[in-house]
Amino acid sequence: MGPRYLIHSLTTYWYLTIPFAILLAGLSATAVLMTFTPVYRANAVMKIASYAPYIAYTTPEPQMNPEDFTETQIELIRSSLVAEQVLEDSEIAELPGLKSIEKPIAWLTENIRVQQVGSSELYNVSLETSDPESSAIIVNAVLDTYFAVRAKDNEDQTARVLELLGQEKQARSAEIQNLREKMRQLGQDVVGMDPYTGMPQKNGGQAGAGPLERLRERLTAAEVDRKMLEMEITAIREAIAKEDLRIAEVDVEMAVGESQEVLDLRAMIAERKSMMHRVESTAAGGRNDPSYLRLESEVKGYEESLKRAVASSRPKITDQLKSLAELDRRDTLHELEARLETQLVLENLLGLRYKEMLGTAGESGNKMLELEFARAELEREERVFDLIAERSMALSTESRAPGRIVLLQPAEPTLHPVASFPLRNMAIAAFLSGCLPFGLALLWELSTKPISDVNQLTSNTAQTTVSEVAKLPVRTISLGSRQTKAMSIFEESIDSLRVGLLLGEKHNTVQTLAVTSAVHGEGKSSISSQLAVSIGRATGEPVLLVDGDLRAPDIHNIFQVSNNLGMTAVLEGRATLDEAVIRDWSDQIHLLPAGRLRVNPHQLMTRDSLNKIFDELRVQYRYIVIDTPPILSASEAILLARCADGSLLCTRRNVSREGQVKIAHDRLAKAGIKPLGTVLNGVPTRSYAKTYGSYDYARRFE
């Protein structure tokens with residue numbers, strides 16, 4: 001689609017499109033104003049820290065990427081899990097801002113907004129409704145539910161880990177007592193005294209001096225890390241097993257609606273209903289037509305199948321959604337389990353190495369060294385106990401640390417709507433409505449493709465253009481100077497057409513000329529009349545103008561003569577040519593009107609009868625101009641055109657269509673009619689003078 005169609009549609013239909021555009025723009029803006037309901041935005045401010053704050057102990061385990069953590073919290077706030085729990089409160093569900101909504105859960109998840117304030121850690125949580133109180137209450141309820149869901153998960157998991165740590169401390173305490181008793185017995189055997197009283201205690205620096213002591217420290221740290229991972233995994237598994245996973249009903253409905261079976265059934269129902277509508281509007285029986293009743297029965301059957309499909313697929317889809325949600329919840333668990341496997345491998349390797357070193361020392365048979373290793377094993381267990389106690393204290397302490405997510409400012413009702421006057425919406429509605437008439441004009445232009453200039457006529461319809469003819473000015477009682485100049489330009493364009501037709505090397509043998517068009521209203525009668533006048537004035541000889549359009553004759557109206565006798569009377573045998581031809585209008589112009597049609601023109605016009613008439617007329621006249629019927633509307637136009645030496649195809653600016661002109665040209669060519677060219681008439685006088693110039697009329701028109 002080139003810009004030519006757009007420009008042409010604007011310049012051609014501006015007198016229609018502009019008033020309608022103004023009218024539609026005003027109506028749409030008024031409709032927006034009348035239906036405008038102010039909305040009120042409630043806004044709460046919260047802080048999502050990039051990293052978790054702490055009191056005394058930093059978290060040794062790697063945390064989630066800050067961006068991923070923030071995105072997870074935003075999605076949780078906007079999730080159906082939170083929305084469903086919020087709307088379980090009947091007071092909130094009955095608020096003015098929610099009461100009239102058909103699917104409140106889906107609406108809330110779509111309309112609650114969480115937006116970052118610049119590049120800071122602050123986030124605005126907002127909602128717009130028609131009631132300021134409702135907006136604030138809903139936002140605060142959403143945040144309260146979100147914090148409750150998040151706190152419950154964190155508190156339960158922390159409490160369970162602390163419980164498991166306490167159990168592990170008790171088990172380790174008992175193991176330490178056993179090792180101490182074993183060491184006392186070994187000390188009595190070796191030195192005859194309690195090793196805790198008779199032997200010097202090694203300090204931390206001495207314990208860490210040898211390879212065995214360093215290996216023991218590494219093994220101790222690995223064992224503590226492994227225990228902590230096991231406790232976290234146990235706590236998460238128990239939480240998953242204990243908690244009943246809930247899937248929001250709105251998510252189930254959406255998934256059911258997107259299943260292939262349901263989509264196919266809905267498509268078949270829509271197709272049958274569309275067919276029912278066509279049958280109702282076209283069939284004589286309407287809704288009682290057998291086809292309509294059959295389609296109605298099919299629709300009922302498909303609707304029953306749809307209900308069964310929805311009912312049967314709901315449990316399956318619910319289980320699938322639960323499985324997907326379960327997979328999401330187990331991501332953290334799988335990550336911890338992978339870390340546990342790595343930790344077990346490290347601990348096993350360190351344990352094997354430690355046992356090898358202890359075994360080597362035991363083989364020496366040195367009881368004093370064996371006692372020393374027993375002391376080292378006891379110290380390792382005590383170190384494990386101390387680290388577990390330290391982890392327990394750290395976890396207990398940091399559970400009271402400030403939250404990573406903090407509500408800084410709850411939502412409060414506002415008295416000022418987001419927009420007190422819908423100027424923006426009115427402008428958009430007015431603009432779109434105002435564009436509608438121009439869009440329709442452009443669509444009409446693209447669908448009809450009217451011919452607007454010579455270039456379009458020659459390039460898109462493959463026509464050989466003989467000439468352009470200026471628009472015939474409207475006559476008044478007394479012609480002013482402006483109308484006189486316009487008439488002179490029109491006559492000059494007709495003379496130019498006559499010169500191109502009769503003086504060209506290829507057309508110098510033309511005696512009979514058929515002036516035709518594709519459809520009615522393209523100016524062929526005006527062109528044929530003015531062309532006959534121009535030929536008669538230029539040659540000084542009589543020119544016969546034949547009105548061959550028996551169905552809708554117009555020549556007798558143009559020249560104000562009688563239409564009682566004419567072509568029809570000659571074809572019927574009721575009159576001769578001498579009786580039918582009007583010779584007293586002027587010396588140069590003789591007229592053969594169409595006459596009054598009494599029967600179908602196909603019964604009158606035969607090839608032989610027409611050839612007989614025009615053979616007689618050729619003897620009497622040097623030039624004969626035939627005004628034929630439109631080619632596409634009346635097939636007898638081909639018979640008349642075949643009686644001529646050539647045909648001139650008339651087109652009219654902004655009226656003739658590309659497709660119709662091409663079809664008319666093809667029909668003339670298939671009938672073996674010699675084409676003399678195509679004329680484009682109705683060209684504005686100003687455009688004609690600008691293109692071709694004029695000798696006497698070069699002054700610019702105002």
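### Overview of the overall build of the protein
Link 1 in the chain: Each helix and strand in the protein was counted, giving 26 helices and eleven strands.
Link 2 in the chain: Of all 702 residues assigned to the protein, the portion counted as buried reaches 41%.
Link 3 in the chain: Residue pairs in contact within the protein that sit at least 24 positions apart in sequence constitute 80% of those at least 6 positions apart.
Link 4 in the chain: Only carbon and sulfur atoms are counted for the fraction: they give 54% of the accessible area of the protein, which is about 38600 Å².

### Section: the pairing of strand E3 (residues 122-129)
Link 1 in the chain: For strand E1 (residues 40-48) and E3, the ladder comprises eight bridges, and the chain directions are antiparallel. In the sheet register, Val45 faces E3, and the bridge partner there is Asn124.
Link 2 in the chain: Pairing geometry for strand E2 (residues 113-116) and E3, over four bridges, is antiparallel. Paired with Gln116 across the two strands is Tyr123, which belongs to E3.
Link 3 in the chain: Remark: five residues form the turn of the hairpin made by E2 and E3, two consecutive strands paired antiparallel; Gly118 in that turn has positive phi of roughly 60 degrees.

### Some remarks on empty space enclosed by the protein
Link 1 in the chain: Summed over all chains, the structure comprises one cavity of 30 Å³ or more.
Link 2 in the chain: Computed from the structure, the largest cavity encloses a volume of approximately 30 Å³.
Link 3 in the chain: What lines the largest cavity is Leu502, Val510, Gln511, Leu513, Ile535, Tyr623, Ile624 and Val625.
Link 4 in the chain: In terms of residue class, the lining of the largest cavity is made up of seven nonpolar, one polar and no charged.

### Here's the deal with the sheet that holds E1
Two modes of strand pairing occur in sheets, parallel and antiparallel, and in both the strands are linked by backbone hydrogen bonds.
Link 1 in the chain: Across the sheet, which stays open at both edges, the four strands sit in the order E2-E3-E1-E4 with antiparallel pairing between neighbours. Looking along the sheet, the strands with just one partner apiece sit at the ends: E2 and strand E4 (405-409). Here the strands of the sheet are splayed against their neighbours by 30 degrees on average, with no regard to which way each runs.
Link 2 in the chain: The strands touched by helix H2 (residues 66-77) are E1, E2, E3 and E4; relative to E1, the strand with the most contacts, the crossing angle is about 145 degrees.
Link 3 in the chain: Here helix H6 (residues 104-111) sits on the sheet and contacts E2 and E3; the angle it forms with E3, its principal contact strand, is near 135 degrees.

### Focus on the environment of Val469
Link 1 in the chain: By the secondary structure assignment, Val469 is in strand E5 (residues 465-470).
Link 2 in the chain: Sequence separation between Val469 and Pro684 is 215 residues; the distance between their C-alpha atoms is 8.9 Å.

### Things to note about the side chain of Ser493
Link 1 in the chain: Structurally, Ser493 is set in helix H17 (residues 481-502).
Link 2 in the chain: In this structure Ser493 touches Ser467, Glu468, Val469, Ala470 and Tyr688, once residues within four positions along its chain are discounted.

### Notes on a nonpolar patch on the surface
Link 1 in the chain: On the surface, Trp14, Tyr15, Leu16, Ile18, Phe20, Ile22, Leu23 and Leu27 cluster together to form a nonpolar patch covering roughly 850 Å² of accessible area.
Link 2 in the chain: Looking at the element boundaries, Leu23 is found in helix H1 (residues 3-34).

### A few points about the packing of aromatic side chains
Link 1 in the chain: Enumeration according to the criterion identifies two aromatic pairs in this entry.
Link 2 in the chain: Considering the side-chain rings of Phe559 and Trp585, the 4.8 Å spacing of their centres and the 85 degrees angle between planes classify their relative orientation as edge-to-face. Separated by 26 residues along the polypeptide, Phe559 in helix H19 (residues 555-559) and Trp585 in the loop between helix H21 (577-580) and strand E8 (589-592) bring together distant segments of the chain.
Link 3 in the chain: Residue classification places Trp585 among the partly exposed residues on the basis of a relative accessible area of 40%.

### Digging into the pattern of salt bridges
Link 1 in the chain: Taken as a whole, this structure holds 17 salt bridges when the rule is applied.
Link 2 in the chain: Between Glu271 and Arg272 there is a salt bridge whose closest N-O contact spans 3.5 Å.
Link 3 in the chain: In this structure Arg272 comes out as buried when scored by relative accessible area, which is 16%.
Link 4 in the chain: What emerges from the salt-bridge pattern is a single network uniting Glu271, Arg272, Arg294 and Glu298.

### A closer look at the layout of surface pockets
Link 1 in the chain: Of the voids in this model, the second largest pocket is the one considered here, and its volume is about 580 Å³.
Link 2 in the chain: Surrounding the second largest pocket, 20 residues form its lining, Lys471, Leu472, Gly682, Pro684 and Thr685 being those nearest its centre.
Link 3 in the chain: Ranked by residues supplied to the lining of the second largest pocket, first place goes to H17 with three residues.
Link 4 in the chain: Of the residues assigned to the lining of the second largest pocket, the class counts are ten nonpolar, five polar and five charged.

### Looking at helix H18 (residues 524-539)
Link 1 in the chain: For H18, built from 16 residues, the straight-helix expectation of 22 Å at 1.5 Å per residue is met to within 8% by its first-to-last C-alpha distance of 22 Å.
Link 2 in the chain: When H18 is considered as a whole, its buried residues turn out to be Lys524, Ser525, Ile527, Ser528, Ser529, Leu531, Ala532, Ser534, Ile535 and Gly536.

### Description of unusual backbone geometry
What you tend to see is this: most non-glycine residues have negative phi, and most peptide bonds are trans.
Link 1 in the chain: Here the phi dihedral of Gln560 falls at roughly 55 degrees; this positive angle occurs in a residue that is not glycine.
Link 2 in the chain: As for its position among the elements, Gln560 is in the loop between H19 and helix H20 (567-572).

### Comments concerning the environment of Ala580
Link 1 in the chain: By the element assignment, Ala580 lies in helix H21.
Link 2 in the chain: The buried category is assigned to Ala580, whose relative accessible area is 2%.
Link 3 in the chain: The spacing of Ala580 and Leu565 is 15 residues in sequence and 5.4 Å in space, taken between C-alpha atoms.
Link 4 in the chain: Residues in contact with Ala580, not counting those within four places in the same chain, are Leu565, Gly566, Val570, Leu591, Leu592 and Pro593.

### A word on helix H25 (residues 658-670)
Link 1 in the chain: Between the first and last C-alpha of H25 there are 19 Å, a value that for 13 residues agrees with the 18 Å anticipated at 1.5 Å per step.
Link 2 in the chain: What H25 keeps buried is the set Glu658, Val661, Ala664 and Leu668. The arc that holds every buried residue of H25, seen down its axis, measures 135 degrees, which confines them to one face.
Link 3 in the chain: Taken from the residues just after H25, Gly672 is the one with a positive phi, measuring 75 degrees.

### Focus: the environment of Arg537
Link 1 in the chain: Among the structural elements, Arg537 can be located in helix H18.
Link 2 in the chain: A sequence separation of 51 residues divides Arg537 from Gln588, and the C-alpha atoms of the two residues are 6.8 Å apart.
Link 3 in the chain: Discounting chain neighbours no more than four positions away, the residues touching Arg537 are Asp495 and Gln588.

### Let's talk about the side chain of Thr512
Link 1 in the chain: As for its placement among the helices and strands, Thr512 is situated in strand E6 (residues 512-517).
Link 2 in the chain: Judged by its relative accessible area of 0%, Thr512 falls in the buried class.
Link 3 in the chain: Here Arg618 takes part through its side chain, which lies 3.4 Å from a polar atom of the side chain of Thr512.
Link 4 in the chain: Residue contacts for Thr512: discarding those within four places in its chain leaves Arg618, Ile624, Ile626, Cys643, Ala644, Asp645 and Gly646.

### Some words on the packing of helix H3 (residues 80-87) against H6
Link 1 in the chain: It is at 9 Å that the axes of H3 and H6 come closest, and there the two elements cross at 125 degrees. What the angle tells us is that H3 and H6 run oblique. With respect to the hand of their crossing, H3 and H6 are arranged in right-handed fashion. From H3, Ser80, Ala83, Glu84, Val86 and Leu87 reach across to H6, where they touch Pro104, Ile105, Leu108 and Thr109.
Link 2 in the chain: Residues belonging to the contact of H3 with H6 are distributed by class as follows: six nonpolar, two polar and one charged.

### Some details on the confidence of the model for the protein
Link 1 in the chain: For the protein, the mean per-residue pLDDT works out to 80, and 82% of the residues sit at or above 70.
Link 2 in the chain: Below a pLDDT of 50 lies the segment residues 198-209, which in the model reaches 20 contacts outside its immediate sequence neighbourhood of four places, other chains included.
Link 3 in the chain: Taken together, the stretch residues 697-702 has pLDDT below 50 and engages in ten contacts with residues farther than four places along the chain or on a different chain.

Criteria and cut-off values
All chains use their own residue numbering, which begins from 1 and follows the written sequence. Only residues with pLDDT of at least 70 get local features here, since the model is predicted, and only at 80 or more are side-chain atom pairs given and counted; chain-wide, interface and lining totals rely on the full set of residues. The side-chain values count all of the structure's non-hydrogen atoms but skip hydrogen atoms and water molecules. Secondary structure elements are taken from DSSP: a helix is a run of H or I of four residues or more, a strand is a run of E of two residues or more, and numbering for both begins at the N terminus. Accessible area is worked out with a 1.4 Å probe on protein chains only. A residue is then buried under 20% of its type maximum, exposed over 50%, and partly exposed in between. By definition in these notes, contact holds between two residues if any of their heavy atoms fall within 4.5 Å. The protein chains shown are the only cover counted for residues, whose accessible areas, like all others here, come from Shrake-Rupley with a 1.4 Å probe. A pair of strands is treated as paired once DSSP finds two or more bridges between them. Any residue with an atom within 4 Å of a point lines the site, the site being either a cavity, points on a 1 Å grid over the protein atoms alone where a 1.4 Å probe fits but cannot get out, or a pocket, an open set with protein on both sides within 12 Å along at least 5 of 7 lines. Grid points are joined across faces, edges and corners, and a volume is the space filled by probe spheres set on the points. Note that Gly is not counted as nonpolar here; it falls among the polar residues with everything else outside the nonpolar set of Ala, Val, Leu, Ile, Met, Phe, Trp, Tyr, Cys and Pro and the charged set of Asp, Glu, Lys and Arg. All axes are obtained by fitting lines to C-alpha atoms, using only the stretch in contact for helices, and the reported angles, taken between N-to-C directions, cover 0 to 180 degrees. A patch is a set of surface residues, each over 30% in relative accessible area and not in a salt bridge, joined within 9 Å for like charges and within 5 Å for the nonpolar side chains Val, Leu, Ile, Met, Phe, Trp and Tyr. Basic side-chain nitrogens of Lys or Arg form a salt bridge, by our definition, when they fall within 4 Å of a carboxyl oxygen of Asp or Glu. When the centres of two rings from Phe, Tyr and Trp lie within 6.5 Å, Trp using its six-membered ring, the rings pair. Their planes under 30 degrees apart give stacked, over 60 give edge-to-face, and anything left gives tilted. A helix is expected to span 1.5 Å multiplied by its residue count minus one. Our arc is simply the arc of the directions from the helix axis toward the C-beta atoms. The definition of a polar contact used here is a pair of N or O atoms within 3.5 Å, where within protein one atom must be able to donate a hydrogen and the other to accept one, and adjacent residues in sequence count solely through side-chain atom pairs. Relative orientations are named as follows: roughly parallel for angles under 35 degrees, roughly antiparallel for angles over 145 degrees, roughly perpendicular for angles from 65 to 115 degrees, and oblique for any other angle. In this scheme the handedness of a crossing depends on how the near helix is turned from the far one: anticlockwise by less than a right angle means left-handed, clockwise means right-handed. What pLDDT expresses is the predictor's confidence in each residue, scored from 0 to 100.

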